[in-house]
Amino acid sequence: MVRKSLSLLLVLLVCGCTVEGQSRPVTAPVQLQVPTLVNDSRGDVAAVVRAVVDGRTIELDSGERVRISLLAAPAGCWAAQARAFAEKTLVGKPVRVSAVTPGEVNVRLEDDTDYAALAVREGVLRAQDAAGSLSDAELGAARADRGLWGAPCNGMDVAPTTTTVPPSSQRAEPSTSVATTSAAAPSVPVTTTAPPAPTCSVAYRVDEQWQGGFRSRITIRNTGAAAIGGWTLRWSFADGQSVREMWGATASQRGTAVTATSVDHTKTIPAPGEVTIGFIGAFRDRNTAPSSFTLNGTACATS
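Residues numbered from 1 in each chain as written. Predicted model: local features only at pLDDT ≥ 70, side-chain atom pairs only at ≥ 80, totals over all residues. Heavy atoms only, no water.

K.L.:
I'd like a description of the overall build of the chain, backed by residues and values.
P.N.:
Scanning the chain from N- to C-terminus turns up four helices and 16 strands. The proportion of buried residues among the 303 residues of the chain is 33%. Looking at the chain alone, contacts between residues at least 24 apart form 63% of all its contacts between residues at least 6 apart. When the accessible surface of the chain is split by element, carbon and sulfur atoms take 56% of a total near 19,300 Å². (Helix = DSSP H or I, 4+ residues; strand = E, 2+ residues; numbered from the N terminus. Buried < 20%, exposed > 50% of the residue type's maximum accessible area, 1.4 Å probe, protein only. Contact = heavy atoms within 4.5 Å. Areas by Shrake-Rupley, 256 points an atom, 1.4 Å probe, with all protein chains shown as cover.)

See below:
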């Protein structure tokens, strides 16, 4: 009798454990958060590009039109291609937008590519102020003749035009000769005017050079009769050098063309007188000095 009671108790205990194990609640799977395009640390906002106005201006799905920062206005020669590139790359695509100034933004693609850097690297647009990585990207595009740096633009805003002169029409001469007389056209005196002498001279010197970099100074002399109040000096590098930092003037660069604009303490050049500016530059293979300069659009003598 005792054995039967113990056996019955053992059976009941085994069944109770089995039922308890079967009725144990199943833990729900952990829901993983799907990452978004927003990077809170950079202040990014997820958006979709709805339309392209031009190569550097886009319309977001919110209806807001914004300009992409660091990009110069599309060159007239390459404007259509710049817009087509932007439409193919951006329209209907999710992007990350971070505000720079009102109406101006940085745009990153879904794979974190910076659109401004991509456009400059492919030669679609120039950089607004070519410096740092954008300067290297623009220089690479120019050297490879990509996009607007190749034919037909060759880095110019307007493509060169060629005029084709049609062959002169030939007229059948009558079989019967006809005597004709012609009066000699009166001679017109030709007056030649010598170009005006330069009213400025520029001395370019490399003071120090190291692997991939150099430091230069430029002395601008006013050789005219009147003082110069505010000036812009322009030149082009022959070997693709780039200006990284300038003092005594504000620099901007597009491709190999450099523009240096006077600042408050250098804008006045008395007659006679001079000012000196300097800059840190970068180069790769050679560092040939520029051969010509213009000051406010006038060619200067070099020394």
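Now that the structure is up, let's keep going.
K.L.:
Can you explain the pattern of salt bridges? Please cite residues and give values.
P.N.:
Tallied over the entire structure, the rule returns eleven salt bridges. For glutamate 59, the salt bridge identified is with arginine 50, shortest N-O distance 2.5 Å. Glutamate 208 is the partner of arginine 215 in a salt bridge, and the nearest nitrogen-oxygen pair spans 3.4 Å. By relative accessible area, arginine 215 is classed as partly exposed at 30%. (Salt bridge = Lys/Arg side-chain N within 4 Å of Asp/Glu carboxyl O.)

K.L.:
Let's hear about the sheet that holds strand β5 (residues 104–108): which residues, and what values?
P.N.:
Taken in spatial order, the five strands line up as β1-β2-β3-β5-β4 and close into a barrel, and their pairing is mixed. Each adjacent strand pair in this sheet contributes to an overall mean axis angle of 55°, direction not counted. Pairing of strand β2 (residues 57–60) with strand β3 (residues 65–68), which is carried by three bridges, proceeds in the antiparallel orientation. Its bridge partner lying in β3, threonine 57 is registered against arginine 67. Packing against the sheet, helix α2 (residues 79–90) makes contact with β1 (45–54), β2, β3, β4 (94–101) and β5, and its axis sits at approximately 155° to β1. (Pairing = 2+ DSSP bridges. Axes fitted to C-alpha atoms, helices over the stretch in contact; angles between N-to-C directions.)

K.L.:
Describe the nonpolar core, with residues and values.
P.N.:
One finds Ile58, Ile68, Leu71, Leu90, Val95, Val107 and Tyr115 to be the most contacted residues of the largest nonpolar core, which totals 26 residues. Residue assignment for this core shows that the elements contributing at least two residues are β1, β2, β3, α2, β4, β5, α3 (115–121) and α4 (132–143). In contact with leucine 71, other than residues within four places in its own chain, are Arg56, Tyr115, Ala116, Ala119, Val120, Leu125, Arg126 and Gln128. With 24 residues, the next largest nonpolar core counts Cys200, Val275, Ile277 and Cys300 among its residues. (Core = buried A, V, L, I, M, F, W, Y, C linked by side-chain atoms within 4.5 Å.)

K.L.:
Now, about the sheet that holds strand β15 (residues 293–295): what can you tell me, with residues and values included?
P.N.:
Sheet architecture is open: nine strands sit in the order β10-β14-β7-β6-β16-β15-β9-β12-β11, paired in mixed fashion. Among the strands making up the open sheet, the edge pair consists of β10 (242–247) and β11 (249–254). The mean angle between the axes of side-by-side strands here comes to 30°, regardless of whether they run parallel or antiparallel. Strand direction decides the pairing type here: β11 and strand β12 (residues 257–262), joined by six bridges, are antiparallel. When the bridges of β12 are listed, alanine 249 appears paired with serine 262.

K.L.:
Now, about the environment of valine 202: what can you tell me, with residues and values included?
P.N.:
Within the secondary structure layout, valine 202 lies in strand β6 (residues 200–210). Apart from the residues within four sequence positions on either side, valine 202 is in contact with Ile218, Thr219, Leu233, Phe293, Cys300, Ala301, Thr302 and Ser303.

K.L.:
Before we move on, can you summarise the state of the cysteines with the specific residues and values?
P.N.:
The full count for this structure, using the stated rule, is two disulfides. Note that cysteine 77 is cross-linked by a disulfide to cysteine 153, the S-S spacing being 2.0 Å. When the S-S torsion is -95°, as for the bridge of cysteine 77 with cysteine 153, the disulfide is left-handed. With cysteine 77 in the loop between β3 and α2 and cysteine 153 in the loop between α4 and β6, this residue pair connects regions lying 76 residues apart in the sequence. We classify cysteine 77 as buried; its relative accessible area is 15%. (Disulfide = S-S within 2.5 Å.)

K.L.:
Residue-level account of the pairing of β12, with values.
P.N.:
Relative to β12, strand β9 (residues 232–236) is paired through five bridges, and the arrangement is antiparallel. Bridge pairing in β12 places leucine 233 opposite alanine 260.

K.L.:
Can you break down the environment of phenylalanine 283 residue by residue, with the values?
P.N.:
Here phenylalanine 283 lies in the loop between β14 (273–282) and β15. Between the C-alpha atom of phenylalanine 283 and that of glycine 212, which follows or precedes it by 71 residues, the distance is 5.1 Å. Among residues more than four places away in sequence, those in contact with phenylalanine 283 are Gln209, Trp210, Gly212, Gly213, Phe214 and Gln241.

K.L.:
Describe in detail the side chain of arginine 56, supporting the description with residues and values.
P.N.:
Of note, arginine 56 is situated in the loop between β1 and β2. A polar contact of 2.8 Å, which involves the side chain of arginine 56, links it to the backbone oxygen of leucine 71. Those residues in contact with arginine 56 that sit more than four places away from it in its chain are Val66, Arg67, Ile68, Leu71, Ala72, Ala73, Pro74, Leu125 and Gln128. (Polar contact = N/O pair within 3.5 Å; in protein donor to acceptor, adjacent residues only side chain to side chain.)

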